[in-house]
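Coordinate inspection notes
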Amino acid sequence: MSGLSAAAAPLIAFEGVTKVYGTGDAEVAALRGVDLRIEGGEFVAIMGPSGSGKSTAMNIIGCLDTPTGGTYRFDGVSVGDLDQNQKALLRRHYLGFVFQGFNLLSRTSALENVELPLIYRGVGTAERRRLALEALRKVGLADRADHESNELSGGQQQRVAIARAIVSSPRVVLADEPTGNLDTAKSKEIMELMTTLNRDEGITIVMVTHEPDMAEYADREIRFVDGRIEFDGPVAKAA
């Protein structure tokens with residue numbers, strides 16, 4: 001969002017963010033006045049038990065939900081001041097998403113799955129194919145470009161999903177339990193890939209995970225408990 005950024009603004013900032021679902025006796029406070037800053041180029045693991053607020057925070061960062069109170073700023077811009085079309089543009093141009101369930105289109109090639117975000121951006125056919133092939137090359141699947149989703153292993157499907165997330169050169173990749181459906185070996189492969197993309201491409205990665213061994217690939221841990229940040233600091237690496 002160049003030209004709109006405040007000087008030295010963090011890429012992602014929450015200022016007193018609250019989120020309340022329901023009303024009256026059914027009211028649930030998912031976030032209770034959260035302050036956080038994430039700088040460009042960080043690799044952050046968001047952790048916490050079920051119901052802690054970590055997924056709500058991730059959804060707000062991804063413009064999939066809105067705060068009840070407080071302010072969410074992306075690159076210095078107050079997201080709450082954007083209309084729905086502007087939020088859609090923010091998601092389309094600055095954010096990439098990786099989900100636990102891959103969310104690939106069936107009976108569709110890896111290449112076509114990766115091209116999808118570029119179609120929404122109106123990129124022409126030849127350029128779309130070039131960018132999608134380059135993204136598949138970065139995740140080590142250029143030789144599987146013509147394979148349909150059901151012809152790929154779980155690890156390969158998640159690599160395609162990561163290629164789809166990075167094909168539009170986003171500032172941030174939001175990964176929600178990206179290894180949740182994978183075995184230990186495939187999980188390590190995916191986390192090593194995400195570490196490489198963070199280090200070599202400079203992509204900011206914000207990842208929700210329940211798994212401490214996956215969080216170790218990040219540089220920073222933000223741990224939620226009961227809608228508040230309980231811990232924010234360097235990830236404790238295993239000896």
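This text gives an overview of the structure that appears in the document. (Residues numbered from 1 in each chain as written. Predicted model: local features only at pLDDT ≥ 70, side-chain atom pairs only at ≥ 80, totals over all residues. Heavy atoms only, no water.)

**With respect to the nonpolar core**
- Counting 40 residues, the largest nonpolar core has Val114, Leu136, Val160, Ile162 and Met194 as its most contacted members.
- Looking at this core, the elements that each hand over two or more residues are β3 (43-47), α3 (110-120), α4 (125-138), α5 (154-166), β7 (172-176), α6 (184-201), β8 (204-208) and α7 (212-215).
- Of the residues forming this core, the biggest block, six residues, is contributed by α5.
- Core analysis: the next-biggest nonpolar cluster, separate from the first, contains 29 residues, Val34, Leu36, Ile38 and Val172 among them. (Core = buried A, V, L, I, M, F, W, Y, C linked by side-chain atoms within 4.5 Å. Buried < 20%, exposed > 50% of the residue type's maximum accessible area, 1.4 Å probe, protein only. Helix = DSSP H or I, 4+ residues; strand = E, 2+ residues; numbered from the N terminus.)

**Some remarks on the environment of Thr209**
- Within the secondary structure, Thr209 sits in the loop between β8 and α7.
- It is 6.8 Å that separates the C-alpha atoms of Thr209 and Asp176, two residues lying 33 residues apart in sequence.
- Once residues within four sequence positions are removed from consideration, Thr209 is found in contact with Ile46, Met47, Glu177, Met214 and Ala215. (Contact = heavy atoms within 4.5 Å.)

**Side note on the packing of aromatic side chains**
- Applying the stated criterion across every chain, the model contains three aromatic pairs.
- A ring pair is formed by Phe74 and Tyr94, whose centres lie 6.0 Å apart and whose planes are at 65°; its orientation type is edge-to-face. One end of the pair, Phe74, is in strand β4 (residues 69-74); the other, Tyr94, is in helix α2 (residues 84-94), and 20 residues separate them in sequence.
- Given the relative accessible area of 0%, Phe74 is considered buried. (Phe/Tyr/Trp six-rings, centres within 6.5 Å; stacked < 30°, edge-to-face > 60°.)

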